[in-house]
Structure formats: structure tokens, C-alpha cells
Amino acid sequence: MEAIPSDTQTMPAPDSGFNFLTPEAWKALLSRYSHLVLVANSEAVDFERLRSELPETALYVFFNKVYKVLDEPFVGHSMLVARSDVMGAHIVHRREVANVLRFFGGGDFLGVVNIRVSVEENLSEKSRFEGAQTRHLDLTQMLADLYPIGKIATSGFAVAMWLGDLQLPGKILLAGFSAKRSEKWKVFDVHDWTFEQIFLRLFARMGSISMMGGVDASPYAALAKRFPEVPPIEIAMTAAEVLSERLDNTNSQIDRLMSVTKFIRAIDNFFRRFKPKTRKQRFLEKSKG
């Protein structure tokens, strides 16, 4: 697979199979929309509320496996962000492009944006997206000195940061960014969910973005109103003290649970040795060879 330069200002040749835009071109493309709504793959997304409160000039940005959040083709201005890993775009190497794109179409669909956020990830050529208008976006440099070492940013967080840096005239709204695990959605440990939530909430309180579904207001705002004579730092330190105690208690219970399940985990690890290798594992072994 062809390596992609990490410098977003480096424009490949027109026939290279990759379609990069300059920040100015992105701004010109996205400035026509009054709102840019980042729709998380989460049960916290309230489409009925979104469609009733936002104008028709809003652009809805979806991510990857949209069939888990959409029940029917989406009507309205839309864009699909396709995240990459070492094998290329997820929906490409998992052969899900057609299954995902069936939810979009017509002139209101802005197309696919294939992104990567770390140097280990590789973009897929535009021909792999079955004729859909495809653009590419490399966000590795933007996140290099920001995101915690050893973790990888989620697509939603990376795109929210990127849109914020573009300084668009439209409002940026995050829908369903709860970072909560459910029976339907996994919360992968490769991402630093705590860092992202702290960053996004600070971003929201600065007025750079808005959040709907998951986090509408700080639960501690009522404390500041009830105790106006107490400095905000004291409220924060008291909350941190209580949360620290609760975390210590939780860790004690986790230690007990690990001890009780030791035998079960040993059996699980034994049978995992016989599990067939995934396509990704075979790809990585072949790449190293």
C-alpha cells in the first residue's frame, strides 16, 4: 500500500489516487453550511431533536458504520468520514463501502472523506470508494503534540479539532458524544476517552463548539450557583477528592474480581491460541516479512 506523507501541505500528483485539499479549499467548501453536525455512532443521538431544531442548511457528518445509527437513507446535506488503519479505510478492507453508501445519495451528499490520525494508518485510493466523491485528510501533524502518548484519537474528536481550527462561519455541533459504553456500542481502550471529554467540554465552554446528547450542561454548575462564595477551584478540588475516593473503592472491587476470575481467564487464554488469525494480523505479519 502506498505510503502517504504526513505533511498535509504536500499535495500528491492529480493522478496519484489521492485527493487532498488545502485548508483554504476546505474552508470554501464547508462555509456554505450554517451548522456542521458531527453525528457520533451512539445511542445518545436524538435525530428527531436535531432535525426539529436545526435548519435545512446544516451539514450532517457521519462516521464509518452508519448502518448502526441510521435505519433508512438520510435526507439532507451529509458527508461520510471513513477512518483508516494500517490496511486502509475500515469500510474498504472490510468490504462495507456499498453497505454504508446506500444510506447516502443525490446532490446533498458531499461525499467521503478518508482520514488518518496516526502515522501507522494508511489512506485508501479514491477508486476504492465505488464512485463516490472522495477527498483525503491527514491529521497526524495536528494531533502529534496534543493527544496523549500511547493512545489514538477517535475520528469524531479529530474531526472536531480540525473543523475548529478551520474557523468556519457555521456553528459546530457534536451530537451524541457521550463516550459511554452500551450493549450496542463498544468503547475501545485504544482511545483516551477521559482526555477527549475534558478537551471537548472545555472547547464547548469556550464557545468554539456545542454539544447535544450526552453532555448538555455541567452537572457541577448547580454547585457554583448554590455556593457563590466558594471559589471555583475549591469546588473542583472537592469534586476531585470525592471522585478519587470512589475510584480507589472501584479499584479494590476490580482487584477482587480479577482474583475470582483468574481460573476463567486462564481457560480463555488457552483457547485463544487456537483462534484463527484475523485479516489484519495476517496483513501485519506479511508487511513485516
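Residue positions are counted from 1 within each chain, in the order its sequence is given. Thresholds applied to this predicted model are a pLDDT of at least 70 for local features of residues and 80 or more for the giving and counting of side-chain atom pairs; totals over whole chains, interfaces and linings are not thresholded and use all residues. Each side-chain value is worked out from all heavy atoms of the structure, with water and hydrogens disregarded.

*Asks:* I'm lost on the nonpolar core in this one. Help?
*Replies:* The nonpolar side chains of a soluble globular protein tend to be buried, and buried together. To form a nonpolar core, buried Ala, Val, Leu, Ile, Met, Phe, Trp, Tyr and Cys residues must be joined to one another through side-chain atoms within 4.5 Å. The buried label goes to any residue with under 20% of its type's maximum accessible area, the exposed label to any with over 50%, and the partly exposed label to all in between, with areas taken from a 1.4 Å probe on protein chains only. Leu30, Leu38, Trp162, Leu163 and Leu174 are the most contacted members of the largest nonpolar core, which has 37 residues in total. Secondary structure counts use DSSP, requiring at least four H or I residues in a row for a helix and at least two E residues in a row for a strand, with both numbered from the N terminus. Elements that contribute at least two residues to this core include exactly helix 1 (23-30), strand 1 (35-39), strand 2 (58-63), strand 3 (77-85), strand 5 (109-116), helix 6 (155-166), strand 7 (171-175) and helix 7 (193-205). Setting aside its immediate chain neighbours within four residues, Leu30 contacts Leu36, Leu59, Leu110, Trp162, Leu163, Leu166 and Leu168. With 29 residues, the next largest nonpolar core counts Val45, Leu80, Val92 and Phe129 among its residues. Here, residues are in contact when the closest pair of their heavy atoms is within 4.5 Å.

*Asks:* Sorry if this is basic, but what is going on with the packing of aromatic side chains here?
*Replies:* Here the distance between the centres and the angle between the planes together describe a pair of aromatic rings. Aromatic pairing here means that ring centres of Phe, Tyr or Trp (its six-membered ring) are within 6.5 Å. Orientation follows from the plane angle: under 30 degrees is stacked, over 60 is edge-to-face, and everything else is tilted. Tallied over the full model, the rule gives 13 aromatic pairs. Considering the side-chain rings of Phe195 and Phe199, the 5.9 Å spacing of their centres and the 45° angle between planes classify their relative orientation as tilted. With Phe195 and Phe199 both in helix 7 and four residues apart, the pair spans about one turn of that helix. Geometry around Phe227 places Arg226 over its ring, the cationic atom sitting 5.2 Å from the centre. For a lysine, the NZ atom is tested; for an arginine, the CZ atom; a charge sits over a ring if that atom is within 6 Å of the ring centre and within 35 degrees of the ring normal.

*Asks:* Explain a nonpolar patch on the surface to me, please; I cannot follow it from the model alone.
*Replies:* On the surface, Phe263, Ile264, Ile267, Phe270, Phe271 and Phe274 cluster together to form a nonpolar patch covering roughly 690 Å² of accessible area. You can call Phe274 exposed: its relative accessible area is 59%. In this analysis, a patch consists of residues with relative accessible area above 30% that form no salt bridge, clustered at 9 Å for like charges and at 5 Å for the nonpolar side chains Val, Leu, Ile, Met, Phe, Trp and Tyr. For the accessible areas, the method is Shrake-Rupley and the probe is 1.4 Å, while residue cover comes only from the protein chains on display. In what follows, salt bridge is the name for a side-chain nitrogen of Lys or Arg lying within 4 Å of a carboxyl oxygen of Asp or Glu.

*Asks:* Whenever I open this one, the pattern of salt bridges confuses me. Can you help?
*Replies:* If the charged atoms of two oppositely charged side chains come close together, the side chains can form a pair. Counted by the stated rule, this structure contains four salt bridges. The residue Arg83 makes a salt bridge to Glu121 at a minimum N-O spacing of 2.9 Å. With Arg83 in strand 3 and Glu121 in the loop between strand 5 and strand 6 (134-138), the pair connects residues that are 38 residues apart, well separated along the chain. Each member of the pair, Arg83 as well as Glu121, carries the same accessibility label: buried.

*Asks:* What is the right way to look at the confidence of the model for the protein chain in this model?
*Replies:* Note that predicted coordinates carrying low pLDDT should not be read in detail. For the protein chain, per-residue confidence averages 85 on the pLDDT scale, and 86% of positions sit at 70 or higher. For every residue, the predictor assigns a confidence score, pLDDT, that lies between 0 and 100. Low pLDDT, under 50, characterises residues 1-14; the predicted model gives this stretch 29 contacts beyond four residues in sequence or across chains.

*Asks:* What should I look at first to understand helix 7 in this one?
*Replies:* Since there are 3.6 residues in each turn of an α-helix, residues three or four apart along the chain are aligned in direction. Look at helix 7: 18 Å from first C-alpha to last across 13 residues, which is about the 18 Å you get at 1.5 Å a residue. Listed as buried for helix 7 are Glu196, Gln197, Leu200 and Phe203. Take helix 7 and look down its axis: the buried residues cluster within an arc of 130°, on one side only. Those residues of helix 7 that are exposed and aimed more than 90 degrees away from the buried face are Thr194 and Arg205. Looking at the packing, one finds that the buried side of helix 7 touches helix 6, strand 7 and strand 8 (210-212). Count one or two residues on from helix 7 and you reach Gly207, which has phi positive near 90°. Expected helix span is taken as 1.5 Å per residue step, with the number of steps being one fewer than the number of residues. Throughout, the arc means the angular range of directions from the helix axis out to the C-beta atoms.

*Asks:* What am I meant to see in the pairing of strand 3 here?
*Replies:* Sheet faces and side chains relate simply in a regular strand, where the side chains alternate between the two faces. Burial within strand 3 is extensive, with eight of its nine residues counted as buried. The pairing of strand 2 with strand 3 spans five bridges and is classified as parallel. Considered in strand 3, the bridge of Phe63 is made with Val81. With five bridges connecting them, strand 3 and strand 5 associate as parallel partners. When the sheet's bridge partners are listed, Val81 is paired in strand 5 with Val113. Here, any two strands with at least 2 DSSP bridges between them count as paired. By the bridge criterion, two bridges tie strand 3 to strand 4 (residues 88-89) in an arrangement that is antiparallel. Counterpart to Ser84 in the pairing with strand 4 is Ala89. Where strand 3 folds back on strand 4, the antiparallel hairpin that results is connected by two residues.

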